[in-house]
Amino acid sequence: MTRRALNDAVTTAGVDAARRAGGRRMRAVVLDAPGPVEALHLRELPVPRPEPGWVLISVKAFGLNRSELHTRLGLAEGMTYPRVLGIEATGVVASCPGGELAPGQQVVALLGGMGRRFDGGYAEYTCVPVSQVIAFHSDLPWSTLGAVPEMLQTAYGSLTVGLDVRPGQTLLVRGGTSSVGMTATILAKRMGLRVLATTRNPDSVDLLTSVGVDHVLIDDGPLADRVRSLAPGGVDAALDLVGTPTLPDCLRATRVHGVVCMSGMLSNQWTLPDFYPTGDIPSGVRLTGYSGEASDLPAPVLQEFLDAVAAGDVTVPIGRIFQLDEIREAHRLMEENAAGGKIVVLTGRGGTS
Ligand SMILES: NC(=O)c1ccc[n+]([C@@H]2O[C@H](COP(=O)([O-])OP(=O)(O)OC[C@H]3O[C@@H](n4cnc5c(N)ncnc54)[C@H](OP(=O)(O)O)[C@@H]3O)[C@@H](O)[C@H]2O)c1
């Protein structure tokens, strides 16, 4: 029996056991082992049963993340398989044995081992610790709500914890067309900053301008001199989402006592060989990193953002919306860097939007 057939047989046995026990079933996307998009399998699994301290969420939508691409490509550490992927999910509470949340409450869930140490959000139901869940109220469509949690958490945390930006400052976003990069621009503009952002693709200038970028820079090599011609002395803050290949250039583009925060690694490179701080970091420039958790997204920040979207004051940078059975196409689009914003998948449990 092949490994895949074996896994399917194991899964079917689990479903049969659940059926005998009167358990409900759900559709979920399972990764048995790293591989191409064909390694993602839509299967029937038993609906998980929450223990006290955990929440069963009826997932309406979930966003796709590079972290799941890394997992599928075999670049993530600490994984066990088979695994339902997904480091975030958006939906309503189905049950919560500890009573911390009421059934029907709208929630997002993110991180804390979701889709890595335990099964995640690529499913009609997901079961997560209460500590990973944030409640909200909104009439926005699930396709919009599903785009928000991880994207907002990363952009908000990078600007506040990572960079500590202030109104009136100038921010450079390296990897500007990424969903995190565009959300960082949107938040920074609301906070009163001037934003410079990069793309490698000249066709994406209008996309960046549409989310509020003041100066678009085509990322075709070192940019520090071009940045300094727009921000004499260097920018106050730089958010590097591309990774270590661009980090030295971001440091050179930043003023004395300005801050560079590395939050992403779109280049799939996140270490610096032979890092020599005294030589590689310009005198007086500050270097930080940001790697967030659910607790880094305060509930009022999430609610205020959703209310601003509902009021028409903020746009959510959504690239494409897929259905659960289109998960392979969605992952292919992410791998091709062709979405132009956040990729959202609807499970079908919340209607068509
Ligand atoms: N620290 C955290 O807590 C945290 C949380 C979530 C995500 N992240 C990280 O944040 C980054 C952005 O995530 P995302 O989901 O927003 O990404 P995304 O939307 O999938 O980003 C797509 C964009 O990335 C750019 N890109 C891809 N490869 C690149 C490369 N080698 N060099 C430069 N640009 C490249 C492309 O822009 P152009 O073609 O326009 O140049 C493309 O439009 C990722 O590295 C992700 O892992 C970090």
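Residues numbered from 1 in each chain as written. Predicted model: local features only at pLDDT ≥ 70, side-chain atom pairs only at ≥ 80, totals over all residues.

### Some words on the domain arrangement of the chain
Turning to step 1, where the next piece is worked out: Considered domain by domain, the chain is made up of domain 1 (3-147 + 316-346) and domain 2 (150-289).
Turning to step 2, where the next piece is worked out: Relative placement of domain 1 and domain 2: their C-alpha centres are 30 Å apart.
Turning to step 3, where the next piece is worked out: Of the residues in the side of domain 1 that touches domain 2, the class split is 5 nonpolar, 4 polar and 2 charged. (Domains from an automatic or database assignment. Nonpolar A, V, L, I, M, F, W, Y, C, P; charged D, E, K, R; others polar.)

### Structural notes on the sheet that holds strand S2 (residues 40-46)
Turning to step 1, where the next piece is worked out: Read from one edge to the other, the open sheet built from 3 strands follows the order S2-S1-S4, with strand pairing classed as antiparallel. Two strands close off the open sheet at either side, each with one partner strand: S2 and strand S4 (83-84).
Turning to step 2, where the next piece is worked out: Pairing geometry for strand S1 (residues 25-31) and S4, over 2 bridges, is antiparallel. What sits directly across from Val30, in S4, is Val84. (Pairing = 2+ DSSP bridges. Helix = DSSP H or I, 4+ residues; strand = E, 2+ residues; numbered from the N terminus.)

### Observations regarding the site of the ligand
Turning to step 1, where the next piece is worked out: Neighbouring the ligand are 27 residues; Thr177, Ser178, Thr199, Arg200 and Gly264 lie closest to it.
Turning to step 2, where the next piece is worked out: Listed by contribution, the elements that provide at least two residues to the shell around the ligand are helix H2 (66-73), helix H4 (149-162) and helix H5 (179-190).
Turning to step 3, where the next piece is worked out: Classifying every residue of the shell around the ligand by side-chain character gives 7 nonpolar, 16 polar and 4 charged.
Turning to step 4, where the next piece is worked out: Looking at which domains feed residues into the shell around the ligand, each of domain 1 (3-147 + 316-346) and domain 2 (150-289) supplies at least three. (Near = placed C-beta within 6 Å.)

### Describing the environment of Ala94
Turning to step 1, where the next piece is worked out: Along the polypeptide, Ala94 turns up in strand S5 (residues 88-95).
Turning to step 2, where the next piece is worked out: When the C-alpha positions of Ala94 and Cys127 are compared, they lie 9.6 Å apart, and in sequence the two are 33 residues distant.
Turning to step 3, where the next piece is worked out: Residues within four places of Ala94 in sequence aside, it is in contact with Leu56, Ile57, Ser58, Pro103 and Tyr125. (Contact = placed C-beta atoms within 7 Å.)

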